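Given next are the chains, with one letter for each unit.
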Amino acid sequence: MIAKSNRKYIFGSFVIAFLFGLILYLGTPTEYKVEVKLLPEAANRDSNDLLRQLGGGAGALMGGGLARSQNELIDPILYNEILASTPFLFNLLEDTYKHSEFGEMTLREFYDNHKKDDIFTLIKRYTIQLPSQFNRKPHGLSDEELRRVFEDEGILQSSDARAVGDLKDKFAISYKPNLGLVSFSVTFYDRSMAKQLAEKATQSIIEYLVEYKAGKAGQNLNFVQKRHDEAKALFFKSQEALATFRDANFNIQSSSYKIREERLVAEFNQATSLYNTLIQQLEMAKVKLQEETPVFSVIEPAIMPRAKFKPNGLLISAAAIFLAVILSFSIVYLREVVFGYQED
């Protein structure tokens, strides 16, 4: 009886919910999702054996040795920070991709010339953002000039700023601490570009994290390598000077000869000791760099998506039905209970 007396309101609620779902479906841009799974492997290497082979006393020269039980895993928060950083996104903006319909282009060209705005963006642009539309001017800069302005002055042009802001929302990170597995997903408007974007982002993340984790050890290796080369040159120089002096003064017995020879021998011994020490330090620096360099295994590579990720028609339909039911019950409750309306 209640449903019959309120059927037009119930029907109206379903019409409103249907229109809401239709607007939401048509207003959501088509996007495709690609997921990549990475396993940052901890380097559980026992460096004690290597250090013992290189010489136990040299460990003190490296700040107490290199041994540690287990390398620390990379904090998953760092992945989010990288993916959300402006330099990272700006580099992706300049890379070349192959669009499934328009061919090769940079991401900047896609955003400037091919990206279609959804209904909600258009409404926002011509309502609350309308005043800014009159002040918008094309920058007229080449890609090289855009990069120079960004690197030298830290300025993003408005079109690049909008593209970077949109790209920032296209990445998502999830982490399984029990497995140490890191999954990050990329959603984009073209299936082919989504796959390429995931591949480029994966490679960039790995390169950045390797440089980040092994950076200090790499700097130490470069420093020790330079000192090693200097000590090696000094060793050969002192060795040649001593040999030349002895050859030139063969069978000469004099106090000045002995003093000169002792001085050259002392310089040679000092150069030999320094050179041997730096040989050990160089090998340990190489071990340290190997320990600090993370190893990434791509468990799930980027795969071309077959179905679109957005808009999700099933989810929108379920939300519309739920909204219609809630709206119907609310109207009936207000009419029958609160206000006590009844059909004649």
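The structure presented is a predicted model; accordingly, all values stated were derived computationally and were not measured.

## A short note on the overall build of the chain
Of the regular secondary structure elements, the chain holds 13 helices and 6 strands. Split into buried and exposed, the 344 residues of the chain put 33% on the buried side. In the chain, the proportion of contacts linking residues at least 24 apart, taken out of those at least 6 apart, comes to 76%. Split by element, the accessible area of the chain, about 21,500 Å² in all, is 56% carbon and sulfur.

## Brief notes about a nonpolar patch on the surface
A surface patch of nonpolar side chains, amounting to about 680 Å² of accessible area, comprises Phe11, Val15, Phe18, Leu19, Leu22, Tyr25 and Leu26. A relative accessible area of 42% places Leu19 in the partly exposed class.

## Observations concerning the confidence of the model for the chain
Per-residue confidence for the chain averages 76 on the pLDDT scale, and 77% of its residues sit at or above 70. When the elements of the chain are averaged for pLDDT, helix 3 (residues 48-54) gives the smallest value, 47, and strand 2 (residues 96-99) the largest, 87. Low pLDDT, under 50, characterises residues 43-54; the predicted model gives this stretch 25 contacts beyond four residues in sequence or across chains. Below pLDDT 50 for its whole length, residues 56-71 participates in 34 contacts with residues either more than four positions away or in separate chains.

## As for helix 11 (residues 191-248)
An ideal rise of 1.5 Å per residue puts 86 Å on 58 residues; helix 11 measures up with 79 Å between its terminal C-alpha atoms. Bending of helix 11 peaks at approximately 60 degrees at the position of Gly215. Backbone nitrogen of Ser192 and a side-chain oxygen of the N-cap are separated by 3.2 Å at the start of helix 11; the cap is Asp190.

## Some points on the pairing of strand 1 (residues 32-41)
A regular strand places its side chains on the two faces of the sheet in alternate fashion. The alternating pattern of strand 1 places Tyr32, Val34, Val36, Leu38 and Pro40 on a buried face and Lys33, Glu35, Lys37, Leu39 and Glu41 on a face that is not buried. Inspection of the sheet shows strand 1 paired to strand 5 (residues 181-188) by 7 bridges, in the antiparallel sense. The residue bridging Lys37 from the neighbouring strand is Ser183, located in strand 5. As paired strands, strand 1 and strand 6 (residues 295-300) are joined by 5 bridges and run antiparallel to one another. Looking across to strand 6, one finds that Pro40 is bridged to Phe296.

## Topic: the packing of helix 11 against helix 12 (residues 255-292)
In contact at an axis separation of 7 Å, helix 11 and helix 12 are set at 160 degrees when each is read in the N-to-C sense. For the element pair helix 11 / helix 12, the angle class is roughly antiparallel. Judged by the twist between their axes, the crossing of helix 11 over helix 12 is left-handed.

## Focus: helix 6 (residues 107-114)
Of the residues making up helix 6, those classed as buried are Leu107, Arg108, Phe110 and Tyr111. Summarising the axial view, the buried residues of helix 6 lie within an arc of 165 degrees, below the 170-degree limit, and thus occupy one face.

What counts and how
- Residues numbered from 1 in each chain as written.
- Predicted model: local features only at pLDDT ≥ 70, side-chain atom pairs only at ≥ 80, totals over all residues.
- Heavy atoms only, no water.
- Helix = DSSP H or I, 4+ residues; strand = E, 2+ residues; numbered from the N terminus.
- Buried < 20%, exposed > 50% of the residue type's maximum accessible area, 1.4 Å probe, protein only.
- Contact = heavy atoms within 4.5 Å.
- Areas by Shrake-Rupley, 256 points an atom, 1.4 Å probe, with all protein chains shown as cover.
- Patch = residues over 30% accessible without salt bridge, like charges linked within 9 Å, V, L, I, M, F, W, Y side chains within 5 Å.
- Salt bridge = Lys/Arg side-chain N within 4 Å of Asp/Glu carboxyl O.
- pLDDT = per-residue confidence, 0-100.
- Expected span 1.5 Å × (residues − 1).
- Bend = angle between axes of the 7 residues up to and from the residue.
- Polar contact = N/O pair within 3.5 Å; in protein donor to acceptor, adjacent residues only side chain to side chain.
- Pairing = 2+ DSSP bridges.
- Axes fitted to C-alpha atoms, helices over the stretch in contact; angles between N-to-C directions.
- Parallel < 35°, antiparallel > 145°, perpendicular 65-115°, else oblique.
- Left-handed = near helix turned anticlockwise from the far one by under 90°.
- Arc of directions from axis to C-beta.

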